[in-house]
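Coordinates in review
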Amino acid sequence: MIRFETRRSALRAGLALAAAGFLSVVTVAEASAADKILLIINGALGDKSFFDSANHGIELIKAKYADKVETRVLEIGDDATKWEPALLDASEQDWNLIILGTYSISETLAEVAKQYPDKKYILFDASVPYEDGGYDNVYSISYKQNEGSYLGGVYNAELLKSGKLKGDIGSSLGFLGGMDIPVINDFLVGYIAGAKSVTPDIKVAVSYVGSFTDAAKGKELGLAQYRAGVGIGFTAASQAGLGQLSAAKETGRYVLGVDSDQEAIFAASDPAIASQVVSSVLKNVDVSLLQAYDKYVAGELKFGSVENLGLAEGAVGLVESGNYEKLATPELLAAIKTAKEKIASGEIEVPSAFGMSSDDLNALRNSVKP
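Quick caveat: nothing in here was measured; it's all calculated off a predicted structure.

Conventions we followed
Residues numbered from 1 in each chain as written. Predicted model: local features only at pLDDT ≥ 70, side-chain atom pairs only at ≥ 80, totals over all residues. Heavy atoms only, no water. Pairing = 2+ DSSP bridges. Helix = DSSP H or I, 4+ residues; strand = E, 2+ residues; numbered from the N terminus. Axes fitted to C-alpha atoms, helices over the stretch in contact; angles between N-to-C directions. Contact = heavy atoms within 4.5 Å. Buried < 20%, exposed > 50% of the residue type's maximum accessible area, 1.4 Å probe, protein only. Arc of directions from axis to C-beta. Polar contact = N/O pair within 3.5 Å; in protein donor to acceptor, adjacent residues only side chain to side chain. Parallel < 35°, antiparallel > 145°, perpendicular 65-115°, else oblique. Left-handed = near helix turned anticlockwise from the far one by under 90°.

Across the sheet, six strands lie side by side as β2-β1-β3-β4-β5-β11; this open sheet has parallel pairing. For this open sheet the edge positions go to β2 (69-75) and β11 (305-309), each flanked by a neighbour on one side alone. In this sheet, adjacent strand axes meet at a mean angle of 20° when their direction is disregarded. In the sheet, strand β5 (residues 138-143) pairs with β11 via five bridges, with the strands oriented parallel. By the bridge assignment for β11, serine 142 is matched with asparagine 308. The strands touched by helix α3 (residues 83-92) are β1 (35-41), β3 (97-101) and β4 (120-124); relative to β3, the strand with the most contacts, the crossing angle is about 160°. Lying on the sheet, helix α11 (residues 285-297) is in contact with β1, β2, β3, β4, β5 and β11; it crosses β5 at an angle near 150°.

Put into structure tokens, the structure is as follows:
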């Protein structure tokens, strides 16, 4: 009897171990089934705008999908000679999705993606030459930043008219671009169109940093604009644009932020900067990345194509909280509301820098030169 019980106990123990082993296999299998997602930043986090928004998109994905995803953010700096080796190395690893962005790295991706047809890539704020073929593994997101900037132009021009801003705020608007390239000029063209819809003879001082990282140069140019009579600037320069925010703080003039809610970002760390940020034109990279991953999970992400997202998709817009609420007159609120409705309905077709000739762009800039 004792021997029988001993054998039965041994059998139960064996079954328990087998079950434990089975569960262990299942657990490992489930863990390995998690999607591995890599975000490559061809610069550095901390720009308080574009790259930080992309990073927030990864955080949104992780918050929604929890242990169903494994995420990592890789900062590879702004030395373009290091981008291809970094992307090649990432492509050799077992990432299910590699996400990267900006026009500056699009050529690098175009070269690498063809070498790894089984890898899946998401490219935001840029595209690859789909017409050449061989990019069935790349999904691109472009943004109608001209639509968001149109709202920013309406807003800034109305603020100049309203008398709500304190002190000597000058008589013209400003624009500080990172580089003189189509995606940045798309901000400018929409901005000018929006401002002219309010004040047809509006003046807009335009400067370019020549970099997306040189905040010192951004401040120098911002100070020059303010001293020349700009009351409200608009920065579309990523990290370099932080210099203009600093210039606004130093001069007591104002600035329209970009990509993220820059008033909210600085509210705790530098309230003096936050107080000078009248609002921000949003390029919701974070939201678009979450939407893209949702589609990926559902098997609906359109690899091999580019999607152009704008106001209607919630991909661009204007911050309507914080200082905006304090500064918004009834006339301003009405103007923004009307502009959004007309853009959404197609009644207002916001002009774009894409497809615009250099001569036409120069003529536009000269027409609003203070």
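A few words on helix α14 (residues 358-367). Working note: α-helix, 3.6 residues per turn, so residues spaced by three or four point in the same direction. By the burial criterion, the buried members of α14 are Leu361, Leu364 and Arg365. Looking straight down α14, one finds that the buried residues subtend no more than 95° of arc, so they occupy a single side. For α14, the exposed residues set more than 90 degrees away from the buried face come down to Asp359 and Asn366. Buried residues along α14 sit against α6 (182-198) and β7 (204-208).

Attention now moves to the side chain of serine 106. Structurally, serine 106 is set in helix α4 (residues 106-115). Within the structure, serine 106 has its side chain in polar contact with the backbone oxygen of tyrosine 103 (distance 2.6 Å). If we ignore the near neighbours within four places in the chain, the residues touching serine 106 are Leu123, Ala126, Ser127 and Val128.

Okay, the sheet that holds strand β10 (residues 277-283) next. Taken together, six strands build an open sheet; the order of strands is β7-β6-β8-β9-β10-β12 and the sheet is mixed. Each having just a single partner strand, β7 and β12 (316-318) make up the two edges of the open sheet. Within this sheet the neighbouring strands show an average axis-to-axis angle of 15°, counted without direction. Strand contacts of α6: β6 (172-177), β7, β8 (230-236), β9 (254-259) and β10, with the helix running at about 170° to β6, the strand carrying the most contacts.

At a minimum axis separation of 10 Å, helix α5 (residues 145-162) and helix α13 (residues 330-345) run at an interaxial angle of 160°. By the angle class used here, α5 and α13 are roughly antiparallel. When the axes of α5 and α13 are compared, the crossing they make is right-handed. Between α5 and α13, the residues in contact are Glu147, Tyr150, Leu151, Val154, Tyr155, Glu158 and Leu159 and Glu331, Leu332, Ala335, Ile336, Ala339, Lys340 and Ile343, respectively.

One can find glycine 163 in the loop between α5 and β6. Under the relative-accessibility criterion, glycine 163 is labelled exposed at 63%. Expressed as a C-alpha distance, the spacing of glycine 163 and alanine 298, which sit 135 residues apart in the sequence, is 50 Å.

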